[in-house]
Amino acid sequence: MKLEICANSYQSAKNACDAGAHRIELCQELSVGGITPSFGLLKKVIEELDIPVFVLIRPRSGNFVYTDDEFQIIKNDIQFCKDLGCKGVVSGVLKPDNTLDVERTKVLIDLAKPLPFTFHRAFDEVKNPKEALLQLIELGANRVLTSGQKATAEEGLELLKELNVLAENRITILAGGGVTSKNANLFKEAGLTEVHASASTRKEEYNSMFSLPITFSDPIKIKAILDAI
């Protein structure tokens, strides 16, 4: 089983690399679910760390319905990440009725090629997850990151199992959301082949009127998950 670490900083990415994670999904601002990382962060991680880097392409927090300008930004960022040397793209688009935006998602998957494409946790908001999964298979997506449409992947395990059966090895079901060393083996026993975790620990921080909690991917927690799987 493979472990993808959701890394929100250079330190998190380095910790994942040093601890032996199989790859990272690089992003920033996990407090809002993650957004596209900065150029400086991308460049430093890709140039200095020996670990496959998948990049979250999400131009803002909030929903997954984008204006034409936002969609152009997404496309620009995908091309930029390809040029910089990332190993995979993580993105996705929904329609206002929370169905998969097939047309726009196809554009992103095609633009990402030959890199693998992960449809992110926007999947957990779709009305009909099984229909959406079949659409993603048809479009050529390689993975879907999902908690099984529950607050945590452990709670969504039954749907994750059903999706994995439906996938028939045509797409990878990447279980994410509250994955820890205590429950990681549940997903392996269920027949899944990959899990996604931030393995976060909160940093001690200086007081600031602008502060939100600062977290980092903890190498001890990463190693514990790897041991569990």
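Rules used throughout
- Residues numbered from 1 in each chain as written.
- Predicted model: local features only at pLDDT ≥ 70, side-chain atom pairs only at ≥ 80, totals over all residues.
- Heavy atoms only, no water.
- Helix = DSSP H or I, 4+ residues; strand = E, 2+ residues; numbered from the N terminus.
- Rg over C-alpha atoms; globule rule 2.2 N^0.38 Å.
- Buried < 20%, exposed > 50% of the residue type's maximum accessible area, 1.4 Å probe, protein only.
- Contact = heavy atoms within 4.5 Å.
- Lys, Arg positive; Asp, Glu negative; His and termini not counted.
- Charge placed at Lys NZ, Arg CZ, Asp CG, Glu CD.
- Pairing = 2+ DSSP bridges.
- Axes fitted to C-alpha atoms, helices over the stretch in contact; angles between N-to-C directions.
- Polar contact = N/O pair within 3.5 Å; in protein donor to acceptor, adjacent residues only side chain to side chain.

1. A look at the overall build of the protein chain
In step 1: Each helix and strand counted, the protein chain has eight helices and 10 strands in total.
In step 2: Over its C-alpha atoms the protein chain spans a radius of gyration of 17 Å, differing by no more than 12% from the 17 Å that the globule rule assigns to 229 residues.
In step 3: Oriented by its inertia axes, the alpha-carbon framework of the protein chain measures out at about 45 × 40 × 35 Å.
In step 4: In the protein chain, which comprises 229 residues, the proportion classed as buried is 47%.
In step 5: If you take every contact in the protein chain between residues at least 6 apart in sequence, the share linking residues at least 24 apart comes to 63%.
In step 6: For the protein chain, the centre of its 27 positive side-chain charges and the centre of its 31 negative side-chain charges are spaced 2 Å apart.

2. Side note on the sheet that holds strand S1 (residues 2–7)
In step 1: Sheet architecture is closed into a barrel: eight strands sit in the order S1-S2-S3-S4-S5-S6-S7-S8, paired in parallel fashion. Averaged over all pairs of adjacent strands, the angle between strand axes in this sheet comes to 25°, irrespective of strand direction.
In step 2: Where strand S6 (residues 143–146) lies against strand S7 (residues 172–176), four bridges are found, and the strand directions are parallel. Note that in S7 the partner of Thr 146 across the bridge is Ala 175.

3. Side note on the side chain of Arg 23
In step 1: Relative to the helices and strands, Arg 23 is located in strand S2 (residues 23–26).
In step 2: Reaching out from Arg 23, the side chain makes a polar contact with the side chain of Glu 4 at a distance of 2.6 Å.
In step 3: Non-local contacts of Arg 23, meaning those with residues more than four positions away in its chain, are made with Lys 2, Leu 3, Glu 4, Ile 5, Ile 51, Pro 52, Phe 54, Arg 143, Leu 174 and Glu 194.

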